[in-house]
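# Reading the structure
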Amino acid sequence: MLVIGIVLSVFGLGVFCWLLFTLAIYALPFLAGLTAGLAAFHGGAGVIGAIIVGFVTGGATLALGQIAFATARTPRIRAIIGLLYAVPATVAGYQVSFALSGIGMSTGGWQRAFAVVGAVLAGFTAFSRMTLFVPASDGQSSEGAHSPISWRPHDQRR
């Protein structure tokens with residue numbers, strides 16, 4: 001019985017970690033949707049209206065961020081947009097990692113160390129998932145310069 005409990009605990013922690021990294025990019029849209037939904041509820045929209053406003057706001061935040069990241073030309077703008085999505089994911093990653101590490105150890109330096117590692121990994125995951133929305137370059141550039149996004153072997157360059 002003890003072995004089954006240990007295996008299920010490890011499996012449960014793995015599921016929570018997988019969920020954290022899968023949902024890392026959605027921290028900012030969730031926060032925006034929750035804030036807009038609560039504002040609509042306190043403004044008198046009712047429960048159904050607040051839920052609709054929250055879903056629409058969260059979806060719009062995610063879609064507009066992905067479109068802005070994909071259409072931005074300069075790396076600086078992409079970095080700023082990516083950080084807008086990575087910072088809330090980092091905060092959420094810290095909180096979840098801190099709580100999960102508190103299950104197995106007492107409060108102290110190691111718990112904070114695991115929380116910081118989880119926060120950094122969640123932030124990198126959110127930023128890297130934003131880069132997935134950049135369209136792949138076809139390798140044809142008008143001025144003949146080599147694009148840093150798509151690499152072609154030397155013999156195929158113009």
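Residues numbered from 1 in each chain as written. Predicted model: local features only at pLDDT ≥ 70, side-chain atom pairs only at ≥ 80, totals over all residues. Heavy atoms only, no water.

### Concerning the overall build of the protein chain
When helices and strands are tallied, the protein chain shows five helices and zero strands. The helix and strand sequence of the protein chain, counted from the amino end, reads α-α-α-α-α. In the protein chain, buried positions account for 27% of the 158 residues. Within the protein chain, contacts between residues separated by at least 24 positions form 60% of all contacts whose residues are at least 6 apart in sequence. (Helix = DSSP H or I, 4+ residues; strand = E, 2+ residues; numbered from the N terminus. Buried < 20%, exposed > 50% of the residue type's maximum accessible area, 1.4 Å probe, protein only. Contact = heavy atoms within 4.5 Å.)

### So, helix H3 (residues 46–71)
Over its 26 residues, H3 extends 37 Å from the first C-alpha to the last, a length consistent with the 38 Å expected when each residue adds 1.5 Å. Taken residue by residue, H3 has Ala50, Gly54, Gly58, Leu62, Gly65, Gln66 and Phe69 as its buried positions. Buried positions along H3 lie against helix H2 (27–42), helix H4 (75–104) and helix H5 (109–131). (Expected span 1.5 Å × (residues − 1).)

### Points about the environment of Ala36
When you line up the elements, Ala36 lands in helix H2. Measuring from C-alpha to C-alpha, the distance between Ala36 and Phe55 comes to 9.0 Å, with 19 residues separating the pair along the chain. Those residues within four positions of Ala36 in sequence are excluded, and the remaining contacts are Val53 and Thr57.

### Focus: the confidence of the model for the protein chain
On average, residues of the protein chain score 81 in pLDDT, and 84% of them reach the 70 mark or higher. Looking across the protein chain, the model is least confident in helix H1 (residues 2–22), with a mean pLDDT of 81, and most confident in H2, with 92. Segment residues 141–151: pLDDT under 50, and eight contacts once partners within four positions in sequence are set aside and those in other chains are kept. (pLDDT = per-residue confidence, 0-100.)

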